[in-house]
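So you can see what is in the structure, the chains are spelled out below.
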Amino acid sequence: MSSSTGVRRPSTGRRQKGIAGTTRSFWLFVGPFVIGLLIFSYLPIIWSLVLSFFEAYNTVTPSKFVGLQNYIDMLTDSNFVSSLGTFTIFAVFIVPLTFVMSLALALLVNQVKIARAFFRSVFFLPTACSYVVACVIWRLSIFNGVRFGLANTVLGWFGIDNIAWLSTVDPPWYWVPIITVRLWLQLGFYMILFIAGLQRINPSLYEAAYVDGAKPGWQVFRYITLPQLRATSVSVLILNLIAAYQAFDEFYNLIGNVNYARPPLVYLYGISLGSIQDLGHGSAGALILAVIIMLVTLLQTRVFGFGKAGD
């Protein structure tokens, strides 16, 4: 049937057939990813929750129901509490440094007029590097503790003796390679986020500020740029803090499973997959860590007002 304008409308059956075809195409492309997500992500999380209420030694099959005892044991375990303290020290250094340095890089790269894409790629390229490979380079070539290491070679130019970076506890020099390798690996990613935020700022705001007598530099950055980057800044802080809680590769590959510098995931790895293979306590500890991450994330969003209509 044609309309009064002479345009033929598709029949109801044809429209329903088109919708059905679109739905099939959608699930054809999305279905494998959904199945993989269910099997390799959600199912292990659910099973880990089940194991946390049981004894499970050397097996993923629960044996004896213990209720909340695994959680009580982990919360009173001095080694687990100490690992949370290690994370706190790591976060105190890595979160502010990453925020400031990635924002500074974004401001510099965004001001470049020539070969801007090249500089973006140069700073972003380390994010594609494997954490394990980067840690091997840091450990064997830069901070290997002998006079042939790059760090000790540079210090030797100034008459400073060799430093055993990864084994000196007093002072704790091991923090230098741990923090620098994380910075090198992740600065480019957060720089890109800040660049995206900078490009969303309306240039008319800067023009109005200059007309009102604002001076280029710190004054414009403080009153124009930084407030306009509030949503991006909160996102960077949240992502960075979660990544700090999940720190594993740099600690495990640089200094191993040692008492003086062991974040939660390294300790839980030793419990679950070490000689004991206590999956019950390991699952309880992992869920405690997940709850802490969620609470800290919600607290951050509450404090900074992230997600409001103004963002």
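Keep in mind the model is a prediction, meaning the values are calculated, not measured. (Residues numbered from 1 in each chain as written. Predicted model: local features only at pLDDT ≥ 70, side-chain atom pairs only at ≥ 80, totals over all residues. Heavy atoms only, no water.)

On to the overall build of the protein chain, then. Across its full length, the protein chain carries 13 helices and 2 strands. The globule rule puts the C-alpha radius of gyration for 311 residues at 19 Å, and the 26 Å found for the protein chain is more than 25% above it. In terms of overall dimensions, the protein chain has a C-alpha envelope of 90 × 65 × 35 Å along the principal axes. Taking all 311 residues of the protein chain together, the buried fraction comes to 35%. A separation threshold of at least 6 residues defines the contact pool for the protein chain, and within that pool the share at least 24 residues apart is 67%. (Helix = DSSP H or I, 4+ residues; strand = E, 2+ residues; numbered from the N terminus. Rg over C-alpha atoms; globule rule 2.2 N^0.38 Å. Buried < 20%, exposed > 50% of the residue type's maximum accessible area, 1.4 Å probe, protein only. Contact = heavy atoms within 4.5 Å.)

Taken N-terminus to C-terminus, the directions of helix α3 (residues 78-111) and helix α4 (residues 116-124) make an angle of 155 degrees; their axes are 9 Å apart at the nearest point. Of the possible angle classes, the one that applies to α3 and α4 is roughly antiparallel. For the pair α3 and α4, the crossing hand works out as right-handed. Contact residues: α3 offers Leu105, Val109 and Asn110, while α4 offers Arg116, Phe119, Arg120 and Phe123. A class-by-class count of the residues in the contact of α3 with α4 yields 4 nonpolar, 1 polar and 2 charged. (Axes fitted to C-alpha atoms, helices over the stretch in contact; angles between N-to-C directions. Parallel < 35°, antiparallel > 145°, perpendicular 65-115°, else oblique. Left-handed = near helix turned anticlockwise from the far one by under 90°. Nonpolar A, V, L, I, M, F, W, Y, C, P; charged D, E, K, R; others polar.)

Time to look at the packing of helix α7 (residues 175-199) against helix α10 (residues 230-245). Close contact between α7 and α10 brings their axes to 10 Å; oriented N to C, the two are set at 160 degrees. It follows that α7 is roughly antiparallel to α10 by the angle criterion. α10 is crossed by α7, and the crossing has right-handed handedness. Residue-level inspection shows Arg182, Gln186, Phe189, Tyr190, Leu193, Phe194 and Gly197 of α7 in contact with α10, the latter providing Thr232, Ser233, Val236, Leu239, Asn240, Ala243 and Ala244. Here the contact of α7 with α10 is built from residues that sort into 8 nonpolar, 5 polar and 1 charged.

For any pair of aromatic rings, the description consists of the separation of the ring centres together with the inter-plane angle of the planes. Tallied over the entire structure, the rule returns 19 aromatic pairs. For the pair phenylalanine 90 and phenylalanine 251, a centre-to-centre distance of 5.2 Å together with 75 degrees between the ring planes defines the contact as edge-to-face. Taken together, the positions of phenylalanine 90 in helix α3 and phenylalanine 251 in helix α11 (residues 249-254) put the pair 161 residues apart, joining distant regions of the chain. Residue class for phenylalanine 90 comes out buried when judged on its relative accessible area of 1%. Residues phenylalanine 143 and tryptophan 165 carry aromatic rings whose centres are separated by 5.1 Å and whose planes lie at 80 degrees to one another, so their mutual orientation is edge-to-face. Of this pair, phenylalanine 143 sits in the loop between α5 (131-142) and α6 (150-157) while tryptophan 165 sits in the loop between α6 and α7, and the two are 22 residues apart along the sequence. For the residue pair phenylalanine 143 and tryptophan 165, the accessibility class agrees, reading buried in each case. (Phe/Tyr/Trp six-rings, centres within 6.5 Å; stacked < 30°, edge-to-face > 60°.)

Attention shifts here to the nonpolar core. In this structure, Phe90, Ile178, Phe251, Leu254 and Ile255 are the most contacted members of the largest nonpolar core, which totals 54 residues. Of the residues forming this core, the biggest block, 12 residues, is contributed by α7. In this view, phenylalanine 251 contacts Thr86, Phe90, Trp175, Ile178, Gly256, Ala261, Pro263 and Val266; residues no more than four positions away in its chain are not counted. In terms of nonpolar packing, the next biggest core, distinct from the first, is built from 9 residues, Met74, Ile271, Ala284 and Ile288 among them. (Core = buried A, V, L, I, M, F, W, Y, C linked by side-chain atoms within 4.5 Å.)

With that settled, consider a nonpolar patch on the surface. The grouping of Phe26, Trp27, Val34, Ile35, Leu37, Leu38, Ile39, Phe40, Tyr42 and Ile45 at the surface amounts to a nonpolar patch, some 1000 Å² of accessible area in total. Residue position: phenylalanine 40 is located in helix α1 (residues 12-51). (Patch = residues over 30% accessible without salt bridge, like charges linked within 9 Å, V, L, I, M, F, W, Y side chains within 5 Å. Areas by Shrake-Rupley, 256 points an atom, 1.4 Å probe, with all protein chains shown as cover. Salt bridge = Lys/Arg side-chain N within 4 Å of Asp/Glu carboxyl O.)

To continue, consider the side chain of serine 83. Along the chain, serine 83 falls in helix α3. If we ignore the near neighbours within four places in the chain, the residues touching serine 83 are Arg262, Pro263, Pro264 and Tyr267.

For the rest of this paragraph, the subject is the pattern of salt bridges. Evaluation of the coordinates by the stated rule reveals 1 salt bridge. A salt bridge links arginine 182 to glutamate 250; its shortest N-O distance comes to 2.6 Å. Of the two residues, arginine 182 is situated in helix α7 and glutamate 250 in helix α11; the sequence distance between them amounts to 68 residues. Taken individually, arginine 182 and glutamate 250 each receive the classification buried, so the pair is uniform in this respect.

Read these as spatial facts, not as claims about activity.
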